[in-house]
Number of protein chains: 2
Amino acid sequence: MTYKTPQNLYPVTVNEERIAKNIQNLAQFGMNKGGGIDRSLGSKADIQAREWLKKLWETELQATVAVDPAANLWAECAGKETLKPIVLGSHHDAVANGGKYDGAVGVLLATEVVQSLKEAGYKLRHPIKIVSFSAEEPNPYNISTLGSRLITGVLDSKQVGEATHAYTHEKLSETLKRLGGDVANIANHLLTDHDVGAFLECHIEQGRRLLDNGLSLAVVSTITGIYREEITIYGEANHAGTTVMENRHDALLAGAELSLAVEQAVIKQRRSDVVGTVGHFEIYPNSANIIPGLAHLTLEMRVSNDQVLKELLVQLADKFAEIENKRQIIIKRRIILDQKAVPMDPMIRETLQQSIKATGDSYLDLPSMAGHDSVHMVPIAKTGMLFVPSLEGKSHCPEEETRIEDIVKAGNVLIRTVIALDKELD
Amino acid sequence: MTYKTPQNLYPVTVNEERIAKNIQNLAQFGMNKGGGIDRSLGSKADIQAREWLKKLWETELQATVAVDPAANLWAECAGKETLKPIVLGSHHDAVANGGKYDGAVGVLLATEVVQSLKEAGYKLRHPIKIVSFSAEEPNPYNISTLGSRLITGVLDSKQVGEATHAYTHEKLSETLKRLGGDVANIANHLLTDHDVGAFLECHIEQGRRLLDNGLSLAVVSTITGIYREEITIYGEANHAGTTVMENRHDALLAGAELSLAVEQAVIKQRRSDVVGTVGHFEIYPNSANIIPGLAHLTLEMRVSNDQVLKELLVQLADKFAEIENKRQIIIKRRIILDQKAVPMDPMIRETLQQSIKATGDSYLDLPSMAGHDSVHMVPIAKTGMLFVPSLEGKSHCPEEETRIEDIVKAGNVLIRTVIALDKELD
């Protein structure tokens, strides 16, 4: 506890009632009858949420509000000096029938931190900005972390040009235009390391590691790498009655063994930062009386460590060859994603850890097993993430919940972190 | 070889050239560009095939042609006495992109047998009939063995009334009407044991047991029982990144274990007359980054022996409980079909066996692992089946083939069998 700082040195704390109220207020935009949130990019709920946020920032923070070409929302409060801004934020969109906390907590806690500092009369040296990114979640345009990838130049504006809404068929470029964006003009407005001094994102954990450890806060060490393969298994469709067992080349059974092999290999690692999933699985012709001749599946592995991924791939290659040989089927693999793990900035992690200790609280160092906008801020700014617990580990569903006391703790840690960074960064 | 009869006692043999030509002629109705046959109930090809068959029977056999209320086609040649007719036949429809031999061999060989006897001037005591049943194969009305089930009263005319074509939406009752049937009137025209003395069906094996044994003919002992369950696995959908392996309840992995358990249990029986298949398998939400929460599958087992099926079900119940327990998922099972095995008539089997031996040939006694129209003739007539080999065991595909020499052998055996039955039956 050497780092503990007396509370009275930091009289600035967040307002529990206000942050709770703001979370409920934002949740009304897109809330369906079952209590889930439908707030995908360009929807009426998205537009309502955007208008509400902009108004909140203008009226409560007297901030300068802007919409960038990726339709990300920004609020800026000037600092005492001309320095690269400290940016806090997350996203305000939601998966279909999602929850009230994913993304929203990060945006509203950023707002609360700025408002609390302002109320306390605490003047920062750095300008402080709040960002709410467009379309972080999987969405009907089939492009997630859209806003952060587009504004940091990771995503090509051409890719955006080709995307359309799966149901309304609206062009993504048109949707962004409706929201104040301008894809055609993005090349002139990309964020660079001149624009952001530090980026802080608070997010719900979406797992149950904090919960299982009885803790309120985690400092994210790394954002997991995500590796995906599209796998096709070529067996032989045949009559399910007249084809004796030893003459079969059943693509479903090969896929079953493959999926179980993935689970076994991952469990054998005995690491909580390695998971493997076959989430997509289809067989053909998919008829009760025909032996499956073809299977399409998607394998996903999330690993924070390249060496572990390599090991897993070697083990799986052996196992898949064994299955091919035993069943006389063919397994074709195609890598469709190989996103490396992204470490958070050591200085920001240290500052977050010290700030937590200073409040007398404990924390976990956790890799994030989900992707976040922060991944794309890493190349241009010192970036760090703070996790708050998800009750029962649930997220992306109406039952998603984070206790207000945990959110308050995170807010107070963010205030300390911002003040510390404001002193340390130039 | 005590049963061997000198060839010259049976001078009547089939005409190889003619039967080969007829198979090619029938195959032209519905042949697609890839050489597959598309000839489902009510299609243009079905109508063409029906007209061609009727004309063939009228002109070549001088038979009395009739269409029953199930739109089954019948040809009748009178006998010397007033006895219950001996009936030979099969079906002339085909699965989508099917082959030239499935069903067609049985109908055309029946035709050839009658024509050969007629040409040889051999007068039977019994009337002899040829039947070509409607819609034996899986079809867009989702009712297979339609004609044989309908005319024997197994299928309710109400069930037919509700069926419609999956693509054209034509009512099945309308389709049958177009083909000369009349579902409304079926109750007055059901086949009974007064109408048929014996039924003989020659069919392709659709497996490779004859081929693997280097033989041309099999006498069917039993038509397999078919048992089907619809199985639903309730797991828990969750984030494929943030849910650690030990907290998962993956419905796909449970389904994978279940499918492999079925295969293992069936293989352990070491019987060629037992097969088990999971041919239908779907998971939800079926997304690369979500742990499958739900799986729907269909389990089919084909067994000729009730005791074996019981044993299998006990073993599977234990195994499924183990999976439920280990993965903390729920497996719901619903029996959707429990069709018992149907033995062929012992006297007909014996007559077929003797006829084969009399030609100097050998045969296998085989259970049929596919269902056939014969199943539904068993309650009303002494019924027997003869199998001819399927090259490479293939059926229901353009590559389906049976050698003409094997078909000829079957035809000659049928002639001997008909003559023997004509003597023995009253």
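Residues numbered from 1 in each chain as written. Chains lettered and ligands numbered in written order. Predicted model: local features only at pLDDT ≥ 70, side-chain atom pairs only at ≥ 80, totals over all residues. Heavy atoms only, no water.

A.B. asks: Got a minute to help me understand unusual backbone geometry in this structure?
C.D. replies: In terms of backbone geometry, most residues other than glycine have negative phi values and most peptide bonds are trans. Of the consecutive residues Y284 of chain A and P285 of chain A, the connecting peptide bond is found in the cis state with omega at 0°. You can see P285 of chain A is positioned in the loop between β9 (274–284) and β10 (290–291). Positive phi values are uncommon outside glycine, yet A71 of chain B reaches one of about 65°. (Helix = DSSP H or I, 4+ residues; strand = E, 2+ residues; numbered from the N terminus.)

A.B. asks: Looking at this structure, how should I read the packing of helix α10 (residues 346–358) of chain B against helix α12 (residues 404–424) of chain B?
C.D. replies: In a packed pair of helices, the relevant descriptors are the angle between the two axes and the axis-to-axis distance. Residues and elements named next belong to chain B. Running from N to C, α10 and α12 point in directions that differ by 130°, and their axes come no closer than 9 Å. On the basis of the axis angle, α10 is oblique to α12. Judged by the twist between their axes, the crossing of α10 over α12 is right-handed. Packed against α10, whose contacting residues are M347, I348, T351, L352, S355, I356 and A358, the element α12 presents V413, L414, R416, T417, A420, L421 and E424 at the interface. Taken together, the residues of the contact of α10 with α12 break down into nine nonpolar, three polar and two charged. (Axes fitted to C-alpha atoms, helices over the stretch in contact; angles between N-to-C directions. Parallel < 35°, antiparallel > 145°, perpendicular 65-115°, else oblique. Left-handed = near helix turned anticlockwise from the far one by under 90°. Contact = heavy atoms within 4.5 Å. Nonpolar A, V, L, I, M, F, W, Y, C, P; charged D, E, K, R; others polar.)

A.B. asks: Is there a simple way to explain the domain arrangement of chain A in this structure?
C.D. replies: All names here are of chain A. For chain A, the assigned domains are domain 1 (7–223 + 342–424) and domain 2 (225–339). Distance between the C-alpha centres of domain 1 and domain 2: 37 Å. With seven residues of domain 1 in contact, the opposing surface of domain 2 contributes seven residues. Of the roughly 530 Å² buried between domain 1 and domain 2, counting both surfaces, carbon and sulfur atoms make up 58%. The interface formed by domain 1 and domain 2 includes zero salt bridges. Among the residues making up the side of domain 1 that touches domain 2, the classes are represented as four nonpolar, two polar and one charged. (Domains from an automatic or database assignment. Buried area = accessible area lost by both parts, 1.4 Å probe. Salt bridge = Lys/Arg side-chain N within 4 Å of Asp/Glu carboxyl O.)

A.B. asks: Looking at this structure, how should I read the interface of chain B and chain A?
C.D. replies: In this assembly, 54 residues from chain B lie in contact with 54 residues from chain A. Across the interface of chain B and chain A, roughly 4100 Å² is buried in total on both sides, 59% from carbon and sulfur atoms. Between the two partners, chain B and chain A, sit two salt bridges. Of the charged contacts in the structure, one is a salt bridge between R327 of chain A and E263 of chain B, with a shortest N-O distance of 2.7 Å. Our count for the chain B to chain A interface comes out at 14 residue pairs in polar contact (both at pLDDT 80 or more). Mapped onto the side of chain B that touches chain A, the elements with two or more residues apiece are α7 (209–212), β8 (238–239), α8 (251–268), β9 (274–284), β10 (290–291) and β11 (294–303) of chain B. Ranked by residues supplied to the side of chain B that touches chain A, first place goes to β9 of chain B with 10 residues. Considered class by class, the residues forming the side of chain B that touches chain A number 21 nonpolar, 21 polar and 12 charged. (Polar contact = N/O pair within 3.5 Å; in protein donor to acceptor, adjacent residues only side chain to side chain.)

A.B. asks: Would you mind going over the UniProt feature "binding site: allantoate" (unreviewed entry) in chain A with me for this structure?
C.D. replies: Residues and elements named next belong to chain A. In the numbering adopted here, UniProt assigns the feature "binding site: allantoate" (unreviewed entry) to R228, N289 and R302. Their sequence span is 75 residues, while the largest C-alpha to C-alpha distance among them is 36.7 Å; these annotated residues do not converge on one region. Within the secondary structure layout, R302 lies in strand β11 (residues 294–303). For R302, a relative accessible area of 3% corresponds to the buried category. (UniProt positions renumbered as here; feature names shortened; annotations may be inferred. Buried < 20%, exposed > 50% of the residue type's maximum accessible area, 1.4 Å probe, protein only.)

A.B. asks: Any chance you could explain the packing of helix α2 (residues 44–61) of chain A against helix α3 (residues 104–119) of chain A here in plain terms?
C.D. replies: All names here are of chain A. Packing of α2 against α3 brings their axes to within 11 Å, and their N-to-C directions diverge by 10°. Accordingly, the angle class assigned to the pair α2 and α3 is roughly parallel. Residue-level contacts link W52, L53, L56, W57, E60 and L61 of α2 to V107, L108, T111, V114, Q115 and K118 of α3. Taken together, the residues of the contact of α2 with α3 sort by class into eight nonpolar, two polar and two charged.

A.B. asks: Mind showing me how you'd approach the UniProt feature "binding site: Zn(2+) 2" (unreviewed entry) in chain A here?
C.D. replies: All names here are of chain A. Here, the residues flagged by UniProt with the feature "binding site: Zn(2+) 2" (unreviewed entry) are D102, E137 and H396. These annotated residues cover 295 residues of sequence, but their C-alpha atoms sit close together, with the largest distance between any two at 9.6 Å. Within the element layout of this structure, D102 appears in the loop between β3 (86–91) and α3. The class of D102 is buried, set by a relative accessible area of 5%. In contact with D102, other than residues within four places in its own chain, are H91, D93, E137, H203, I204, Q206, H396 and E400.

A.B. asks: Is there a simple way to think about the confidence of the model for chain A in this case?
C.D. replies: Low-pLDDT portions of the prediction should not be read for the details of their coordinates. Per-residue confidence for chain A gives a mean pLDDT of 95; residues scoring 70 or more make up 98%. Low pLDDT, under 50, characterises residues 1–8 of chain A; the stretch is placed with 11 contacts to residues that sit more than four places away or in other chains. (pLDDT = per-residue confidence, 0-100.)

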